Amino acid sequence: MPRTSHWILRGLRHVDGILLTLVLLLLGVSLAVVASASGQSPARISGHLINIGLALGVMVLMANVPPHLLAKVGPPLYVAGVVLLLGVALFGEIRNGARRWLDLGFMAFQPSELLKLALPLMLAWYFQRNETVLRAKHFLVAGALLVVPFLLILRQPDLGTALMIGASGFYLLFFAGLPWKVILGGATLGAASLPVVWGLMHDYQQRRVLTLLDPSSDPLGAGYHIIQSTIAIGSGGLFGKGWMQGTQNQLDFIPERTTDFIFAVFGEEFGYAGAILLVGLYLAIVARGLVIAARAPTLFGRLMAATLSLNLFTYVFVNMGMVSGILPVVGVPLPLMSYGGTALVTLLLGMGILMSVATHRQLNKS
Amino acid sequence: MPLATPLKNLDRELDRFHGRLKVGAAFVVLLAAALLARAFYLQVMQHEYYIQRAENNRISLVPAAPNRGLILDRKDRILAENYSAYTLELTRAQTHDLEATLAEVSKLIEITPGELRRFRRLLAESHEFETVPLKSKLTDEEVAILAANRYRLPGAEVKARLFRNYQAGPGMAHVVGFVGRINDRDLKGLRESGREQNYRGSVHIGKTGLEQSYETLLHGRTGFDQMETDASGRAVRALSRIPPVPGKDLRLYLDQELQAVAEHAFGDYMGGLVALDPNTGGVLALVSKPGFDPNLFVDGIDPETWKALNESPERPMVNRVLRGIYPPGSTIKPFMGLAGLELGVRKPGDTIVDPGYFSLPNSSHQFRDWKRGGHGLVDLHRAIAQSCDTYFYKLAVDMGIDRMHDYLSKFSFGEKTGIDLEGESTGLLPSRDWKQRRWKKAWYPGETVIAGIGQGYHLTTPLQLATATAMLANGGKRIEPRLVQAVRDPLTHVWQPQPVAVRGQLAIKPEDLAVVRQGMMDVMRPGGTAAGAAAGAAYTIAGKTGTAQVVGIKQGARYDASRLSRQYRDHALFIAYAPAENPTIVVAVMVENGGHGGSTAAPIARAVFDYYLTGKRPGNMKLEGSDASD
């Protein structure tokens, strides 16, 4: 027994207290909101608790993996991810008109999930490896490493995930020092090519954008989700209707309300004050992540910590923007709030990496 | 790329990284600000709007229609009541194929061609989302069959509905009227009067008769069940309930038995009768023959039946008492006589010699008396009793048309009586002024002459005649006729008497009135024009006969009823009150093509008096189409 507790204590040494506190606070809020949104369904609550426990375990585990080991995992994970994406393109299962799933026999699996971590790891590893000889060609290679999975996911088609993964890759390039003129040039080029992109977009994607611009054009169809979630948020007012008191929530008007649209439930029941607190918690996590990045001793650690932090907030922004009607509906869960095991484990894996970077300071100075 | 010392390079790299971290932090803060700005807009600035939308999502008002008030006769016999019945209703928008559903339905239960026609008419008048009844008053068996086959009948529903039943039948149709389904025109009217909300749960509205004129009282107030509903529209719980307030019950002055007696007394004749209580204005009976079955209209009438009713030459849909306008004929004479006395044109003892005609000065045209050879020496009393035309020709000329108009208008001739039914006709009381305005023509003296015996332009409804006669009976009190005597609050069950509506009091010298009343009493005595109708009565009657011409008779020709086919015969008129000394009932009768008032109209009034004053019901009273002429 003393041996076990010794290992646990040793393991907890690598847990960042501030980050853990913030994460636990958010998970607590999540538990309350999921309970309300599911109509206090015992199955949902216990399922959520199990997911949380599992993900926290994974986080602590990751916190104990030293960054130099993590960096080594990057390339194989990336290669495996790209191979699986190719597999999806060739043998994938079509669900809802998109080829995203790979049937592994015992479970269906979306390889694009894997890339969410594999791509930053790969790129961070690549930049760290070439830290001392960094030149323009390295950025070109890194760009190629980014574009391959991006295009594979885009043609599934899954624009939302492709953009999120593209964003994480871009953040890493940005922190690695991608020159401003390239960034601005790319942005100009991107803006100019918008009409072309629109033409390449699928019908449902165009419809989502159009619905966003005018939800009332299709109040019973695609616009319904946005209309109902904005009603929920708006009706929450300054202080909300109170926990489990949201009528839009309790009476089923909010769609997908334990998962993608959980912010509508939160906004209805806790109001603008709640929204400020929630966004504040996310900002605190990002701030802590950036501090960790600033203090990280290695390039790999810096790049990973900074990218993961910005990435987290990007998810927050895309989700809340969608639910409150300023971004198109893309299937992105709200980090640390939405019900769903895969996303939660992936996120806390990232938090674990942050903690690992934060706590393995001198150890990997070789 | 030449490299500087690794350490220095590393420092520079770190500086740049820290710079980029700041840019990253700024970017995140920007995104957060955008999110919070959006939340501020939704939750603070637009909060009122969204809370309203959320409430609208959540709360639905289910109207609860009130029970319609009952209509009872003076002895609380039910004239109009409600019953609940199952109806098969179809909603076009919910049927995949309307014709297929109709075909399925007619395989299961019998749908008559009339029901189908009515359904198609209602369908054409309604919106796609409205439910339209196909067959009402389903039997239990039909309900069971339809319930068992529901899945085969998309868009069809069996619903329990409240209906109106008029068990008093066609004889009461012109009094009680009927309700019908609310149509676009009704809706527009309700909207304009701000009552639309109160009809949200209602299917029917009063269309004619008392159902129309007392609609507001009868309908009651619609209640609302405030339900909380979920996204799928299912009611989760009741939030609050405003119970409906049932409509008020109406008790009439009218006696259903008396009405039946009057109706029966008409025999085969068509026409109208109204009996008033001269002291209250209460309508004791109001008959317009022929009537119709008001129940046909309650759930929509089929087009062919409607056409038949509407285009029938007998005009069953016209209320003859309110809307039938006829020259008053000799029934105007008591009023003319009173005018002569009151205006000082005649004294009671003034006499004329009647040679059987009247001529205007410098004219050879003879205005003939109905009696060949004339009545000889006639004073006012005799002139009324024997209905001497010559006396009144001369009186009219002496009085002049304008004074005649002004005096007669005090008896409500030429204006609405104010009865509590809609659609009353004003009739027409001519004057020089009127003719100028209406026809842009001068008044001719000859027109004054015939106006003296109620011919020419003067047109009156039976109701106006009765109202005017009531003033003779009650000494000049002008009371508006009323059908409704009292109104019962459904919650307290207390009958609230309706006020007697006295419009004014005409000052009449008692001695003048006595002369006229004596004349009218003698009409009913041997030697009078309706003596036969009063024979053997246990009370005294005062009355006056009249005829309203249907076709003009040439100068020099003689009216011979027996030679005319019935539809060209004169309308018989009769006004009377009884007991003559202390009147409690006034009657005005108009018998279409009845010939002379004394022989066809007066016996009908007698039957009404008998029943009302002595309780005697007529035996199997059968009117012969008596052709006797004076």
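Residues numbered from 1 in each chain as written. Chains lettered and ligands numbered in written order. Predicted model: local features only at pLDDT ≥ 70, side-chain atom pairs only at ≥ 80, totals over all residues.

*Asks:* How would you summarise the overall build of chain B if you had to cite specific residues and measurements?
*Replies:* Broken down by element type, chain B carries 23 helices and 23 strands. The burial tally for chain B puts 44% of its 630 residues in the buried class. (Helix = DSSP H or I, 4+ residues; strand = E, 2+ residues; numbered from the N terminus. Buried ≥ 20, exposed ≤ 12 C-beta atoms within 10 Å, placed from the backbone.)

*Asks:* An account of the sheet that holds strand β1 (residues 59–64) of chain B is needed here, citing residue identities and associated values.
*Replies:* Residues and elements named next belong to chain B. In spatial order, the strands read β1-β8-β9; together these three strands make up an open sheet with antiparallel pairing. Of all the strands in the sheet, the pair left with one neighbour each is β1 and β9 (235–242). Pairs of neighbouring strands in the sheet enclose a mean axial angle of 30°, with direction left out of account. Across six bridges, the pairing between β1 and strand β8 (residues 223–229) is antiparallel. The residue of β8 that forms the bridge with Pro63 is Phe224. (Pairing = 2+ DSSP bridges. Axes fitted to C-alpha atoms, helices over the stretch in contact; angles between N-to-C directions.)

*Asks:* Lay out the nonpolar core in plain terms, naming residues and giving numbers.
*Replies:* Formed by 125 residues in total, the largest nonpolar core has its most connected members in B:Val274, B:Ala275, B:Ala285, B:Val587, B:Val589, B:Ile604 and B:Val608. In terms of residue count, the dominant contributor to this core is helix α23 (residues 597–614) of chain B (nine residues). Of the residues that make up this core, three or more belong to each of domain 1 (59–77 + 168–252) and domain 3 (256–311 + 326–483 + 494–614) of chain B. Residues in contact with B:Val274, not counting those within four places in the same chain, are B:Val283, B:Ala285, B:Leu286, B:Val321, B:Pro462, B:Leu463, B:Ala466 and B:Ala588. Listed in part, the 116 residues of the second largest apolar core include A:Tyr272, A:Met304, A:Leu308 and A:Leu334. (Core = buried A, V, L, I, M, F, W, Y, C linked by C-beta atoms within 7 Å. Domains from an automatic or database assignment. Contact = placed C-beta atoms within 7 Å.)

*Asks:* So, the confidence of the model for chain B: which residues are in play, and what are the values?
*Replies:* All names here are of chain B. Here chain B shows a mean pLDDT of 88. Residues at 70 or above account for 94%. Per-residue pLDDT stays below 50 along residues 1–5; that stretch engages in three contacts with residues further than four places along the chain or on separate chains. In the predicted structure, residues 621–630 sits below a pLDDT of 50 and forms 24 contacts with residues beyond four places in sequence or in another chain. The complex model carries a pTM of 0.68, and its ipTM stands at 0.92. (pLDDT = per-residue confidence, 0-100.)

*Asks:* Requested: an account of unusual backbone geometry, with residues and values cited.
*Replies:* All names here are of chain B. The step from Lys289 to Pro290 runs through a cis peptide bond, and the omega angle for that step is 0°. One can find Pro290 in the loop between β12 (283–289) and α11 (295–298). Looking along the chain, the bond that leaves Ala578 and enters Pro579 is cis, with omega of -15°. With respect to the element layout, Pro579 can be found in the loop between β22 (571–578) and β23 (585–591). A positive phi angle is found at Asn362, which is not glycine, with a value near 60°. Along the chain, the position of Asn362 falls in the loop between β14 (357–358) and β15 (367–368). A positive phi angle is found at Asn593, which is not glycine, with a value near 55°.

*Asks:* Now, about α23(B): what can you tell me, with residues and values included?
*Replies:* For an α-helix, 3.6 residues make a turn, and residues three or four places apart therefore share a direction. All names here are of chain B. At Pro603, α23 shows its maximal kink, close to 25°. The buried fraction of α23 is high, at 16 of 18 residues. Where α23 ends, the next residue or the one after it, Gly615, has phi of about 80°, a positive value. (Bend = angle between axes of the 7 residues up to and from the residue.)

*Asks:* Give me the interface of chain B and chain A: which residues, what numbers.
*Replies:* Many structure descriptions define interface size as the accessible area lost when the parts assemble. With 33 residues of chain B in contact, the opposing surface of chain A contributes 38 residues. Secondary-structure elements contributing two or more residues to the side of chain B that touches chain A are α1 (6–45) and α2 (47–58) of chain B. Across the side of chain B that touches chain A, the residue classes break down as 20 nonpolar, seven polar and six charged. (Nonpolar A, V, L, I, M, F, W, Y, C, P; charged D, E, K, R; others polar.)

*Asks:* Tell me about the packing of helix α14 (residues 333–342) of chain B against helix α16 (residues 389–399) of chain B, and name the residues and values.
*Replies:* Each pair of packed helices can be described by the angle between their axes along with the distance between the axes. Residues and elements named next belong to chain B. Running from amino to carboxyl end, α14 crosses α16 at an angle of 45°, the nearest separation of the two axes being 10 Å. Judged by the inter-axis angle, α14 sits oblique to α16. Here α14 and α16 pass one another in a crossing that is left-handed. Taken together, the residues of α16 that come into contact with α14 (itself represented by Lys333, Met336, Ala339 and Gly340) are Phe392, Leu395, Ala396 and Met399. Along the lines of polarity and charge, the residues of the contact of α14 with α16 split into six nonpolar, one polar and one charged. (Parallel < 35°, antiparallel > 145°, perpendicular 65-115°, else oblique. Left-handed = near helix turned anticlockwise from the far one by under 90°.)

*Asks:* Tell me about the packing of helix α10 (residues 256–265) of chain B against α23(B), residues and numbers included.
*Replies:* Residue and element names in this part refer to chain B. Two elements in contact, α10 and α23, have axes separated by 9 Å at closest approach and are oriented at 155°. Of the possible angle classes, the one that applies to α10 and α23 is roughly antiparallel. The hand of the α10/α23 crossing is right-handed. In this structure, α10 contributes Glu257, Leu258, Val261, Ala262 and Ala265 to the contact, and α23 contributes Pro603, Ile604, Ala607, Val608, Tyr611 and Tyr612. Partitioned by chemical class, the residues of the contact of α10 with α23 number 10 nonpolar, no polar and one charged.

*Asks:* Please provide a residue-by-residue account of the sheet that holds strand β11 (residues 271–276) of chain B, values included.
*Replies:* All names here are of chain B. A sheet is described by the order of its strands in space; here five strands give the open sequence β12-β11-β23-β22-β21, paired in antiparallel fashion. Only two strands of the sheet have a single neighbouring strand rather than two, namely β12 and β21 (542–548). In this sheet, neighbouring strand axes are inclined to one another by 5° on average, regardless of whether the strands run parallel or antiparallel. Of the pairings in the sheet, the one linking β11 to β12 comprises six bridges and is antiparallel in character. When the bridges of β12 are listed, Gly271 appears paired with Lys289. Contacts from helix α20 (residues 462–474) reach β11, β22 and β23 within the one sheet, and its direction differs from that of β23 by about 150°.

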